[in-house]
There are 2 protein chains.
Amino acid sequence: MKINKSRYAILGLLSMGPMSGYDIKKKFEKIASNFWNESYGQIYPILKRLNAEGLAVKTIEKQIGKPDRHVYELTRQGHEKLMEWLKEPVDRHIGRHEILLKLFFGPMISVNDNIKQIQQFQKIYEKELTDLKTIKETIKMDHNDQSHLPYWLMTIRFGELVNKALIQWSRESCALLEKMND
Amino acid sequence: MKINKSRYAILGLLSMGPMSGYDIKKKFEKIASNFWNESYGQIYPILKRLNAEGLAVKTIEKQIGKPDRHVYELTRQGHEKLMEWLKEPVDRHIGRHEILLKLFFGPMISVNDNIKQIQQFQKIYEKELTDLKTIKETIKMDHNDQSHLPYWLMTIRFGELVNKALIQWSRESCALLEKMND
DNA sequence: TACCGCATGTAACGGGTTACATGATTGC
DNA sequence: GCAATCATGTAACCCGTTACATGCGGTA
């Protein structure tokens, strides 16, 4: 059994207020880019389907000088579908980290080349850790009602802990490889 | 630009010795299930392509009472293609953890329902942590040459650190939500 | 008798990204 | 004059899983 997460991601954003496809993309980039993103290629067809299935209603807002906005609002059924999904247990998520695959075949290249790979990997997550600080500030500004903030901060904390673990692993692994070099 | 990781995963396994599609699947399950898996729907077509592109050669081993084995062996070009890829820098990997998406819309359901979600999430990674011990033992048996072992243990260590971080996050988050309940 | 392991493969489907098409306004 | 922002959408891909088809031999 396979469920479409993007569908629920969009349903979820709409639950916080009426929005257009364009708004949805921007919102994800602004406040959830640390763990989620959606492309227009997903968003627009999904909105169409949500509308067809009676989970959202569409209103067209005319604008002058700018294209029309197609604003979607959740129906009661939409809210219910979302809540159902929120209560369903999550399933295991396999990482498929490319660095692990490369390291798995480590002996094919030199120890130094492996060290370089890990160092580059480490840099990615060090940057991510500093980026998280910016997102944290952004969401503290953005939340309209009190209720979302604690949950949003949990997603930040998740990123902090995981990134720190990845950095620690990088340091450990490099140290190990450097010992092998002697 | 988009590269096919499965292709290189298979190329990598073949670099450790001639193998059939069936062997490849079993090998991944046995020694890399903590971070990688491939389905037959990927493996067989990829092997066909590797052969067509001159990266692997195919030999058919007849067996009695069992189906023929189509054994693939890397060519020199195959080895080179693999080494090239191993040296290419890895790119950022966005998690798309369903639990974070659900938590993001946490206020839609009760605090207790959110706690339940996190507890279930935590259980998954506690189990994963104990499973890692088994895999660790398996790979200590399985490695034929000395060279791979340290790298394989690094992939295990990766899992240990990340899973521990996820468990810690679960505990912290549950504690936070329980405080909100009062 | 029924299922599991061995072993190959394909077809259908669903998920997701990227590139493209359109077109007005605003700012450098 | 050029790029960016606003705003919608589609088509072509690639990636990946699942289900199915085939068929022998051993075990419970």
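One can find the structure itself at the top, above this paragraph.
Description of the structure in this document.

Here is what the cut-offs are and how they apply
Residue positions are given per chain, counting from 1 as you read along its sequence in written order. To read the labels, note that chains go from A and ligands from 1, taken in the order they are written. Only residues with pLDDT of at least 70 get local features here, since the model is predicted, and only at 80 or more are side-chain atom pairs given and counted; chain-wide, interface and lining totals rely on the full set of residues. With hydrogens and water stripped out, all remaining heavy atoms of the structure feed into the side-chain values. Cavities and pockets are found on a 1 Å grid laid over the protein atoms alone: a cavity is a set of points where a 1.4 Å probe fits but cannot escape, a pocket is an open set with protein on both sides within 12 Å along at least five of seven lines, and a lining residue has an atom within 4 Å of such a point. Grid points are joined across faces, edges and corners, and a volume is the space filled by probe spheres set on the points. Every helix listed is a DSSP run of H or I at least four residues long, and every strand listed is a run of E at least two residues long, numbered separately from the N terminus. Asp, Glu, Lys and Arg are counted as charged, while Ala, Val, Leu, Ile, Met, Phe, Trp, Tyr, Cys and Pro are counted as nonpolar; the rest, among them Gly, fall into the polar class. What makes a residue near a molecule or strand is one non-hydrogen atom of that residue sitting within 4 Å of it. Nitrogen and oxygen atoms within 3.5 Å of one another constitute a polar contact, given that in protein one can donate a hydrogen and the other can accept it, and given that sequence-neighbouring residues count only through two side-chain atoms.

1. Some remarks on empty space enclosed by the protein
In step 1: The final tally for this structure, using the stated rule, is 2 cavities of 30 Å³ or more.
In step 2: The space that makes up the largest cavity amounts to roughly 50 Å³.
In step 3: As for the largest cavity, its lining consists of Lys5, Val90, Asp91 and His93 of chain A together with His97, Glu98, Ile99, Phe121 and Tyr125 of chain B.
In step 4: Looking at the lining of the largest cavity, the elements with two or more residues in it are helix H5 (98-104) and helix H6 (111-142) of chain B.
In step 5: When the residues that make up the lining of the largest cavity are grouped by side-chain class, the tally is 4 nonpolar, 2 polar and 3 charged.
In step 6: Around the second largest cavity, the lining residues are His97, Glu98, Ile99, Phe121 and Tyr125 of chain A together with Val90, Asp91 and His93 of chain B.
In step 7: Of all the secondary structure elements, the ones that give two or more residues to the lining of the second largest cavity are helix H5 (98-104) and helix H6 (111-142) of chain A.
In step 8: Residue composition of the lining of the second largest cavity, by class: 4 nonpolar, 2 polar and 2 charged.

2. Some points on the layout of surface pockets
In step 1: Here the largest pocket is characterised by a volume of approximately 680 Å³.
In step 2: Lining the largest pocket we find 41 residues, and of these His97 and Val162 of chain A together with His93, Gly95 and His97 of chain B sit closest to its centre.
In step 3: Elements that contribute at least two residues to the lining of the largest pocket include exactly H6 and helix H7 (149-181) of chain A together with H6 and helix H7 (148-181) of chain B.
In step 4: At 7 residues, H6 of chain A tops the list of elements feeding residues into the lining of the largest pocket.
In step 5: Here the lining of the largest pocket is built from residues that sort into 18 nonpolar, 15 polar and 8 charged.

3. Details of the protein's contact with DNA strand D
In step 1: The immediate surroundings of DNA strand D are formed by 24 residues, with Tyr22, Tyr44, Lys48, Gln63 and Arg96 of chain A found nearest.
In step 2: Among all atoms of DNA strand D positioned within 4 Å of the protein, those belonging to sugar or phosphate total 69%.
In step 3: At 2.9 Å from a phosphate oxygen of DNA strand D is found a main-chain nitrogen or oxygen belonging to His70 of chain A.
In step 4: Residue Arg96 of chain A places a side-chain N or O atom 2.8 Å away from a phosphate oxygen belonging to DNA strand D.
In step 5: Within the residue set of the surface near DNA strand D, elements represented by two or more residues are helix H2 (21-31), helix H3 (40-52) and strand E2 (69-74) of chain A together with helix H3 (40-52) of chain B.
In step 6: The element that contributes the greatest number of residues to the surface near DNA strand D is H3 of chain A, accounting for 3 residues.
In step 7: By residue class, the composition of the surface near DNA strand D is 5 nonpolar, 12 polar and 7 charged.

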